[in-house]
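The residues making up each chain are set out below.
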Amino acid sequence: MAAKRKRAAKPKRNPAGDESTYERIWRVAKRIPRGHVVTYGQLAELAGLPRAPRQAGYAMASLPSGSRVPWQRVVNARGEISPRSDPGGEWVQRVLLEREGIEFDERGRIDLRRFGWRPRIA
DNA sequence: TTTATGGCTGTCA
DNA sequence: ATGACAGCCATAA
C-alpha cells in the first residue's frame, strides 16, 4: 500500500495546461461582478486556500500585464485598498472602483456591507 | 533542498 | 477607535 502521507501530496500540476494555485485564484477573481469587491481572505477561501489570504494578494501582485482579472475589486478585510509595492497603484485602483460605482468614505474605505460580493459558497 | 519574502488577517494592549 | 505582533502559505531564489 502506498505509504501514508500526513498531508495530501502536492498536486504537482503540470507546467502547461494544469492550473496553478495562482491561476485558480485568478479564476475566482474573474467571477467578481462589476461594482462589487471581495477581501483577500474571501478570495483565498473561494480559491481553496482558506488560510492563505496573503497568497491571494501575491497572486494579484503576480498578475501578468494584460490579464483581464479585475484585481481592482480585491481589497483588504477593512474594506480598504491595501498599500502595495507599486507606488500610485492604489490611486489607480481607487479610480477604477469609483468608475464602477463603488463609493469610498472620507477615510478611503468601502462599505463591504453594500459593495461586498457575497457568492454562494461553492 | 532550505531561506526569505510578501497588495493579509485576527488577536491583544 | 488605532497600533503592534504573531501566524499562515505559496512562490521565487
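The structure presented is a predicted model; accordingly, all values stated were derived computationally and were not measured.

With that settled, the discussion passes to the overall build of chain A. Scanning chain A for helices and strands turns up five helices and two strands. Reading the helices (α) and strands (β) of chain A from amino to carboxyl end gives α-β-α-α-β-α-α. Long-range pairs, those at least 24 residues apart, make up 61% of the contacts in chain A between residues at least 6 apart in sequence. Counting only carbon and sulfur atoms, one obtains 48% of the accessible surface of chain A, whose full area is about 9000 Å².

Moving on, we come to the packing of aromatic side chains. Within this structure, the stated rule accounts for one aromatic pair. Here the guanidinium or amino end of arginine 94 rests over the ring plane of phenylalanine 104, the centre of that ring lying 4.5 Å away.

Neighbouring DNA strand B are 19 residues, the closest being Tyr40, Gln55, Tyr58, Ala77 and Ser85. Separating a base nitrogen of DNA strand B from a side-chain N or O atom of arginine 54 is a distance of 3.1 Å. Between a base nitrogen of DNA strand B and a side-chain N or O atom of glutamine 55, the distance comes to 2.7 Å. When residues of the surface near DNA strand B are traced back to their parent elements, those giving at least two are helix H2 (40-46) and helix H3 (53-61). Per-element tally for the surface near DNA strand B: the top contributor is H3, with seven residues. Here the surface near DNA strand B is built from residues that sort into nine nonpolar, eight polar and two charged.

Once that is clear, we can look at the nonpolar core. Among the nonpolar cores identified, the biggest contains 17 residues, and Ile25, Leu43, Met60 and Val74 are the most heavily contacted of them. Mapped by element, the contributors of at least two residues to this core are helix H1 (21-30), H2 and H3. Counting residues per element, this core draws most heavily on H1, at four residues. Beyond its immediate stretch of four places on either side in the chain, isoleucine 25 contacts Leu43, Ala47, Leu49, Gln55, Ala56, Ala59 and Met60. Grouped together as the second largest cluster of nonpolar side chains are eight residues, Val37, Val75, Ile81 and Phe104 included.

Conventions and cut-offs
- Each chain has its residues counted from 1, running along the sequence as written.
- All chains are assigned letters beginning with A, and all ligands numbers beginning with 1, in the order in which they are written.
- Per-residue local features are limited, in this predicted model, to residues with pLDDT of at least 70; the limit for side-chain atom pairs, both in listing and counting, is 80 or more; totals at the level of whole chains, interfaces and linings are taken over all residues.
- To obtain the side-chain values, all non-hydrogen atoms of the structure were used and water was disregarded.
- A run of H or I in DSSP becomes a helix once it reaches four residues, and a run of E becomes a strand once it reaches two; helices and strands are each numbered from the N terminus.
- The contact definition used throughout considers only heavy atoms, calling two residues in contact when any of these lie within 4.5 Å.
- Computed by Shrake-Rupley with a 1.4 Å probe, the accessible areas treat only the displayed protein chains as cover when residues are assessed.
- In this scheme Phe, Tyr and Trp rings, the latter by its six-membered ring, pair at centre separations within 6.5 Å, and the angle between planes marks the pair as stacked below 30 degrees, edge-to-face above 60, and tilted otherwise.
- Consider the ring centre and the ring normal. A charge sits over the ring if Lys NZ or Arg CZ is within 6 Å of that centre and within 35 degrees of that normal.
- Residues are classed as near a molecule or strand on a simple rule: at least one heavy atom within 4 Å of it.
- Definition of a polar contact: a pair of N or O atoms within 3.5 Å, with one able to donate and the other able to accept a hydrogen when the atoms are protein atoms, and with sequence-neighbouring residues admitted only if both atoms are side-chain atoms.
- Residue polarity is assigned by list, with Asp, Glu, Lys and Arg as charged and Ala, Val, Leu, Ile, Met, Phe, Trp, Tyr, Cys and Pro as nonpolar; anything else, Gly included, falls into the polar class.
- We call a set of buried Ala, Val, Leu, Ile, Met, Phe, Trp, Tyr and Cys residues a nonpolar core when their side-chain atoms join them within 4.5 Å.
- Relative accessibility thresholds used throughout: buried, under 20% of the residue-type maximum; exposed, over 50%; partly exposed, between the two (1.4 Å probe, protein chains only).

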